[in-house]
Amino acid sequence: MIKFKTALVTGADRQVGHAIALDLARRGLDVAVHFSTGQDEAAATVAEIRSMGCRSVALDADLTREADVSTLIARAADALGPVDVLINSASLSKPDDWNSATRESWDLHMEANLRAPFVLMQEFARGLPAGCMGTVVNVVDERVWSLPPHHLSYTLSKTGLWTLTRTMAQALAPQIRVNGIGPGPEQSDTRNDVAGDICAAIGFLLEADAMTGQMVALGGGEGLDWAEPANGFTPEK
């Protein structure tokens, strides 16, 4: 049984974040729906959550602007009460590599994918009432276990988020558990099976009281770094 009461889900106006927000409501949590540009989509998500009998509010914030990020937890708490679940689902992914990466692409990925989750975790920990248990789930990427050379700025930001997940798990224990979800390249896919796996994993992490500093990989084994031999050779059975 889920013992938490109020969640903030970033990027909850669309795709995986939307599915996560609805799933948490089905589990009985009130949900603050963060959005950046999808105001209409966020309003629709809030309406769906309220139709389930849970409270919800839509909160806008640009995750590349720290002034927006630093007040998000407090705004959610003002509307719904103390936040005891934080899901860092929002993510920025624009292709670049060693040659095409710019200061702008570097900063955008680091701000949205690494700095914003850190500031939210800071404010989450500061705002959690004494005696209350909390949990954080960061949507990372299974590829941090098998690093690709493309999407350079994105990969670096997500690798940093995975490191941050483990270090914050140590820093915030035992009151707050911090874990990660590691989808593969299809993480922005809207297919029900992909989103369903992510929601099921988050549900497990909310209930697994002994689990912290870990990542549940959901990328179909991509992090195993296995491929067919280039010459097509297959060992005899």
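Note that this is a predicted model, so its numbers are computed, not measured.

A. Representation of the overall build of the protein chain within the structure. In terms of helices and strands, the protein chain carries seven helices and seven strands. Ordering the α and β elements of the protein chain from the N terminus gives β-α-β-α-β-α-α-β-α-β-α-β-α-β. For the protein chain, with 237 residues in total, the buried portion stands at 49%. A separation threshold of at least 6 residues defines the contact pool for the protein chain, and within that pool the share at least 24 residues apart is 75%.

B. Looking closely at the layout of surface pockets. When its volume is computed, the largest pocket comes out at roughly 760 Å³. In terms of lining, the largest pocket is formed by 32 residues, of which the most central are R14, A90, S91, L92 and S93. Secondary-structure elements contributing two or more residues to the lining of the largest pocket are α1 (15-26), β2 (30-35) and α5 (103-127). Here the lining of the largest pocket is composed, by residue class, of 13 nonpolar, 14 polar and five charged. The space that makes up the second largest pocket amounts to roughly 170 Å³. Taken together, K3, F4, K5, T6, L80, G81, P82, D84, L128, P129, C132 and M133 make up the lining of the second largest pocket.

C. Examining the packing of aromatic side chains more closely. This structure, assessed with the given rule, holds one aromatic pair. Here the aromatic rings of W145 and W162 are separated by 6.2 Å at their centres, their planes lie at 70°, and the arrangement is edge-to-face. You can see W145 sitting in the loop between β5 (134-139) and α6 (152-172) and its partner W162 sitting in helix α6, a full 17 residues away along the chain. Taking relative accessible area as the criterion, W162 reaches 9% and is therefore assigned buried.

D. Spotlight on helix α2 (residues 39-51). When the terminal C-alpha atoms of α2 are compared, their 18 Å separation across 13 residues agrees well with the 18 Å that a helix rising 1.5 Å per residue should span. All buried positions along α2 are accounted for by A42, T45, V46 and I49. In an axial view of α2, the angular spread of the buried residues amounts to 100°, which keeps them on one side of the axis. For α2, the exposed residues lying more than 90 degrees away from the buried face are D40 and S51. Buried residues along α2 sit in contact with α1, β2 and β3 (56-60).

E. Expanded view of the packing of α1 against α2. For the pair α1 and α2, interaxial distance at closest approach is 9 Å and the crossing angle is 15°. The orientation of α1 relative to α2 falls into the category roughly parallel. In the crossing of α1 with α2, the sense of the turn from one axis to the other is right-handed. The residues of α2 that touch α1, namely those facing H18, A21, L22 and A25, are T45, E48 and I49. Looking at the contact of α1 with α2 residue by residue, the classes come out as four nonpolar, two polar and one charged.

F. Representation of the nonpolar core in the model. Of all hydrophobic cores here, the largest spans 35 residues; its most connected members are I20, L24 and I202. Those elements that provide at least two residues to this core are β1 (6-9), α1, β2, α2, β4 (85-88) and α7 (192-207). Ranked by the residues each element gives to this core, the list is headed by α7, at eight residues. Apart from residues no more than four positions distant in its own chain, I20 is found in contact with V9, I87, S89, I198, C199 and I202. Within the second largest apolar cluster, 32 residues are counted, among which are I73, L128, L161 and M168.

G. Summary view of unusual backbone geometry. The step from A173 to P174 runs through a cis peptide bond, and the omega angle for that step is 0°. In this model, Q15 sits at a positive phi of 50°, which is unusual for a non-glycine residue. Looking at the element boundaries, Q15 is found in helix α1. Residue classification places Q15 among the partly exposed positions, given a relative accessible area of 42%. In this structure, H151 takes a positive phi of about 50° despite not being glycine. Tracing the sequence through the fold places H151 in the loop between β5 and α6.

H. Molecular detail of the packing of α5 against α6. Packing of α5 against α6 brings their axes to within 8 Å, and their N-to-C directions diverge by 15°. The orientation of α5 with respect to α6, classified from their angle, is roughly parallel. Crossing of α5 over α6 shows right-handed handedness. Only S153, Y154, L156, S157, K158, G160, L161, L164, M168 and L172 of α6 make contact with α5, whose side of the interface consists of S105, W106, H109, M110, N113, L114, P117, F118, M121 and A125.

Here is what the cut-offs are and how they apply
Residues numbered from 1 in each chain as written. Predicted model: local features only at pLDDT ≥ 70, side-chain atom pairs only at ≥ 80, totals over all residues. Heavy atoms only, no water. Helix = DSSP H or I, 4+ residues; strand = E, 2+ residues; numbered from the N terminus. Buried < 20%, exposed > 50% of the residue type's maximum accessible area, 1.4 Å probe, protein only. Contact = heavy atoms within 4.5 Å. 1 Å grid on protein atoms, 1.4 Å probe; cavity = no way out; pocket = protein on both sides within 12 Å on 5 of 7 lines; lining within 4 Å. Points joined across faces, edges and corners; volume = space filled by probe spheres on them. Nonpolar A, V, L, I, M, F, W, Y, C, P; charged D, E, K, R; others polar. Phe/Tyr/Trp six-rings, centres within 6.5 Å; stacked < 30°, edge-to-face > 60°. Expected span 1.5 Å × (residues − 1). Arc of directions from axis to C-beta. Axes fitted to C-alpha atoms, helices over the stretch in contact; angles between N-to-C directions. Parallel < 35°, antiparallel > 145°, perpendicular 65-115°, else oblique. Left-handed = near helix turned anticlockwise from the far one by under 90°. Core = buried A, V, L, I, M, F, W, Y, C linked by side-chain atoms within 4.5 Å.

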